[in-house]
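Working through the structure, step by step
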Amino acid sequence: MSAAEGHRDWRDVVYPLALIGALLAGWEWAATHGYLRPIRFPPPSTLLASLVELVREGFPEGITLGTHFALTMQRILAGFALAVALAVPLGLAIGWYPLLDRLTESVIAFCRSVATLSLLPLAIVWFGTGEGSKVFLIGYGCFWVMLANTVAAVRQVDPLLVRAASTMDTGPAEMFVRVVLPAVLPRLFAGARIALGVGFMVIVGAEMIGTIHGLGALIMEARTFYRSDITVVGMIVIGGLGFAITAAMQRLERLLLPWQAPVDGAR
Amino acid sequence: MSTDARLAARYPMLGLLGALALLLAWELAARWLWRDPQVLPSPIQSIQAAARHLTLPEVAEHVGVSVARVVGGFVLAAVSGVALGIACGWYRPLSRLVRPLVELLRPIPPLAWIPMAIIWFGLGEPSKLFVIFLGAFFPIFTNAWRGMRSVPPVLLRAARTMDVDGLALLFRVGIPAAAPDITTGLRVGFGLAFGILVAAELIAAESGMGYLVMQSRQLGELGLAVFGIFLIGVVSLVADMALATGMRRLIRGRGTLS
Amino acid sequence: MPVNATAPPKIVVDRVAKHFPGDAADAPVLADLSMTIAENEFLVLLGRSGCGKTTLLNTIAGLERASSGTVHVDGAPVDRPGQGKGMVFQQGALFPWLTAAGNVAFAARKRLPDARARRARARELLELVGLGGAEDKYPSELSGGMQQRVAIARALALDPEILLMDEPFGALDELTRIEMQQELTRVWQARRKTVVFVTHSIWEGLMLADRIMVMAARPGRIVLERQIAIDRPRRRTDPELIACYEDIWRSLQ
Ligand SMILES: Nc1ncnc2c1ncn2[C@@H]1O[C@H](COP(=O)(O)OP(=O)(O)O)[C@@H](O)[C@H]1O
Ligand SMILES: [Mg+2]
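Structural notes, computed from the coordinates. Small disclaimer: the values here were computed from a predicted structure and weren't measured.

Description of the overall build of chain B
Along chain B, the regular secondary structure elements total 11 helices and zero strands. Listing each helix as α and each strand as β along chain B from the N terminus yields α-α-α-α-α-α-α-α-α-α-α. For chain B, the C-alpha radius of gyration of 23 Å lies well beyond 18 Å, the compact-globule estimate for 258 residues. Taken along its principal axes, the extent of the C-alpha atoms in chain B is 75 × 55 × 30 Å. Looking at chain B as a whole, 50% of its 258 residues qualify as buried. Here the analysis covers contacts within chain B between residues at least 6 apart in sequence; of these, 70% occur between residues at least 24 apart.

Some words on the pattern of salt bridges
All names here are of chain C. Per the stated rule, a full pass over the model turns up 35 salt bridges over all chains. Close ionic contact of Asp-159 with Arg-111 constitutes a salt bridge, the shortest N to O distance being 3.5 Å. Highlighted residues: Asp-159 in the loop between helix H4 (144-157) and strand S7 (162-166) and Arg-111 in the loop between helix H2 (100-108) and helix H3 (115-128), separated in sequence by 48 residues. Taking relative accessible area as the criterion, Arg-111 reaches 49% and is therefore assigned partly exposed. The closest approach of N and O atoms between Glu-124 and Arg-121, which form a salt bridge, is 2.8 Å. Taken together, the residues Glu-124 and Arg-121, both in helix H3 and three residues apart, mark about one turn of the helix.

Focus: the sheet that holds S7 of chain C
Residues and elements named next belong to chain C. With mixed pairing, the six strands of this open sheet are ordered in space as S6-S7-S8-S3-S9-S10. One side of each edge strand has no neighbouring strand; the edge strands of this open sheet are strand S6 (85-88) and strand S10 (221-227). Pairs of neighbouring strands in the sheet enclose a mean axial angle of 15°, with direction left out of account. Two strands pair when backbone bridges link them, and strand S9 (residues 211-216) and S10 are joined in this way by six bridges, in the antiparallel orientation. Each residue of the ladder has a partner; that of Met-213, found in S10, is Glu-225. Seen against the sheet, helix H5 (residues 174-191) touches strand S3 (42-46), S7 and strand S8 (194-199) and runs at an angle of roughly 160° to S8. Sheet contacts for helix H7 (residues 239-252): S3, S9 and S10; angle to S10, the most-contacted strand, approximately 175°.

What counts, and where the lines are drawn
Each chain carries its own residue numbering, running from 1 in the direction its sequence is written. Here the convention is simple: chains get letters from A, ligands get numbers from 1, in the order in which they are written. Given that the model is predicted, a residue must reach a pLDDT of at least 70 before its local features are reported, and side-chain atom pairs must reach 80 or more before they are shown or counted; all residues, however, enter totals for whole chains, interfaces and linings. Computation of side-chain values covers all heavy atoms of the structure but excludes hydrogens and water. Numbering of helices and strands runs from the N terminus, with a helix taken as a DSSP run of H or I at least four residues long and a strand as a DSSP run of E at least two residues long. Values of the radius of gyration come from C-alpha atoms, whereas the globule rule sets the reference at 2.2 Å times the count of residues to the power 0.38. For the exposure calls, accessible area comes from a 1.4 Å probe over protein chains only, and a residue counts as buried if that area is under 20% of its type's maximum, exposed if over 50%, partly exposed in between. Contact between two residues is taken to exist if any of their heavy atoms lie within 4.5 Å; hydrogens are not considered. By definition here, a salt bridge exists when the distance from a side-chain nitrogen of Lys or Arg to a carboxyl oxygen of Asp or Glu is within 4 Å. Should DSSP find at least two bridges between two strands, the strands are regarded as paired. Orientation is described by lines fitted to C-alpha atoms, with helices fitted over the stretch in contact, and by angles between N-to-C directions that extend from 0 to 180 degrees.

As far as function goes, none of this settles anything; it's purely spatial.
Okay, structure coming up:
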C-alpha cells in the first residue's frame, strides 16, 4: 500500500478532480436538457435544493436531516459499544485457552455466516419495533466480527515475544497486561473498523423496515413518494458518515498505536 | 500454542461437540425454561414448524432462487472487479481515473442503493442482482488492485531480464503474484453478497430464503424464521467452503502457489 | 585463563536428549549431550544451521524441556526461564509497541523500580551498543542490525549472571559485527558473566571464546572441544588461532 500511495504527484489530485467535475457537469446538462430523466438521475442542482429542504423542513415533514442523522448515529454507536464490551473480554478468554477456542470455533463460524438481517423477526418479537431491535441487530453483526477478530488476535500473538518476556521474569498477570494486550491491540482496532462497517450495513437495512426515523428509513420513504432526489441526498449523507467514521478510527488508531501501520482484519 | 496442536490431534471433533452442546442446551431451555415457542422455539420445534408450512421441494426452490441470485451478482462483480482491479493496478493512468470514483462510491452501504435500484430496474430480478453486485464489487476490486500494486518489483525486473514483457509479463508474472490477494477479495466479496442477498429479499421479494424468514411474520410462526435463519447460515457456510476449495484447486492447478 | 578450576561449575548439562513430538526425522535433535560451564566462562557453541544450537540454548534457558537428562544452574535444576538467565534471541524479539529505550527499560523494571533511574540506565546501555540517539525509535523504525543491538542492550539491562546469546550478531554487517565483538568482550571482562554464545561463524567464535564446542547435526552432539587460551584483544593473524581455525573447519566437514 505504502508503495502505491507513497509518492503522490499532481496528477493524482488533478485527474480525479477534473473527472468528477466533468461527470457532475455532464450529468447536470443531460438532466436539464432531457437526456436523463430527473426522477431517475436527479441532477446536482436539484440535490443541493433537496439538501437545503431536508435540513430546513425535513422529510417526511418535520423530521429534519439532523434528526435522522442523530438517530442513526445513536443506534450504531449503542450497538457497536455493546458488541465491543461483550466481545473483547470473551474473545480474549477464548483465544487464551485453546480448549475453549476449539469448542467454540464452529459455533462462531456459523453465527458469523448467519445474515444479520435475517434475525429481524426474532428481534421484533424480543425487543419490539422500537430502538431495541435495531440496536440488537447492529450489536449482533458487530459482535461476531469483533469476537472472531479478538480470538484471532490472541492466537496470533508472536510466541517469541511471550518467550522473550518470560526470560525477563514476567509473571502470568504481567504477561497478560504488558505483553498480550499490547500485542493484540492492532488486530482489535482492525476488527473494530470492520465491525463498524458491518454495523453501518445493518443499520440501513434495519431502518428500511417499519420505521420512518433514521437515514435508512429516509431513503426508503422518499422512494415511495417518488422523491428520488431525497433518496440520493440520503445516500450521500450515509456515505459521508461512513467515510468520516472510518477516517476518525484510522486517526485514532495512528494516535494510540504509533508503533505500526494499520493491519487488515477479517470480516 | 502447542497445546492446541495436541488438542486437535487427540480430539478432532471438539468443534462439533461444542456446537452440539449448544444446540442441546437450547433445545432443553426452550422446553423447560421459557417454554413459549413464540419467544424462541427450540431447534426441533422450528423444524416441525417448517414441515407444517413447507414441503421439501419448496425449500429447495427457495434455496435455489437465492443461490442463483447470489451467484449471478457475484459473477458480475467478480468478472468486472477482477478485470478492472488488475487493469488499474497495472496501468497507473487508468487507476487515476477509476480509483477516485470507486473510493467515492465505496462508503455508501450496498443496501442504501436498494431504493435507487428499484427506481432504475424495477422490482424484479435485475435490481436484486445490482445490489448484490455492488456489495461484492468493492472488496473484489480493491483486493485485485492492491494485489497488483504490491507485486514485488524485483519479480518484475527478474522477469524482464528473461525477456518477458508486455502482456506476457502481466499474465505470467503480475497476475500469478497477485493471485492470493485476488482470491481473498473474491471470498470476502462472496460473503458480503450473501449478507446482502437476504436483505434484498427481506425488503422486496416473493421467493428466496430471505422471503421465507419474512413470511414467518405474516404467518405468526417464529419457528419458520428460526428455520430460515439456519438455512441461510448453512447454505452460506457451504457455499463459502465450496468457493474456497474451488479457488485453491484453480490456483494450485496453475502452480502459482506452493 | 581466569576460570577457577576448583570452583563448582555454573551450568551443568547432563545427558540431555531432545526430540520434538511429530518430528519425522529418525535421529533426535539432541542426543546424550553433556557439558559443564564454569562461572564467568565465555563458551561458544559452533555449528551448521539446524544442528540444534538454538534448541540446546533454549533448554539451558528453561524455555524448552529436555526429553531426557537435566540442566542445573548453581546446583539447582532449571525448570523455568528468567531467574538470572538473560537471553538474546536470534530474531531479536523486541516488543514492537515499546521504543528502543522502552524495551531496555522493561528488562530493568525489577532491578530499578524508579522510572527515572530506569530511563537513565536504558539510555546508558543503548549508548554502549552504539545506539545513542535512537532511544525513542520504535523497532519498526530500526534496521535489523540496530534491532539486534537493542536486544543485546535489553539482555544487559537484566544484568543476569548468565547471558545466553543466539547468533546475536547474525544480522550485522561485517564491520559492525567486529565492533560489537570487541564491545561484548569489554562488557564481559568488566562485568564477569557466564556467557553461552551461539554462532556459525568460526572466526567469531575464535575471537570471543574461552572455549569452543563444535556441534554436528542429527543427532545434535559435540564433535570437537577447544580451549582458546589466548589473551585478548586477539588478532586474526595469530598463528595459534589459525591452527585452531583449521581444526574446527576440518571437524565441520
Ligand atoms: N519446535 C520444533 N518442532 C520440530 N522440530 C524442530 C523444532 N524446533 C527445531 N526443530 C528442529 O530441530 C533441529 C535443530 O533446530 P535448531 O535448534 O533451531 O538449530 P540451529 O539453531 O542450530 O540452527 C532442526 O532440524 C529443526 O528442524
Ligand atoms: Mg538457531
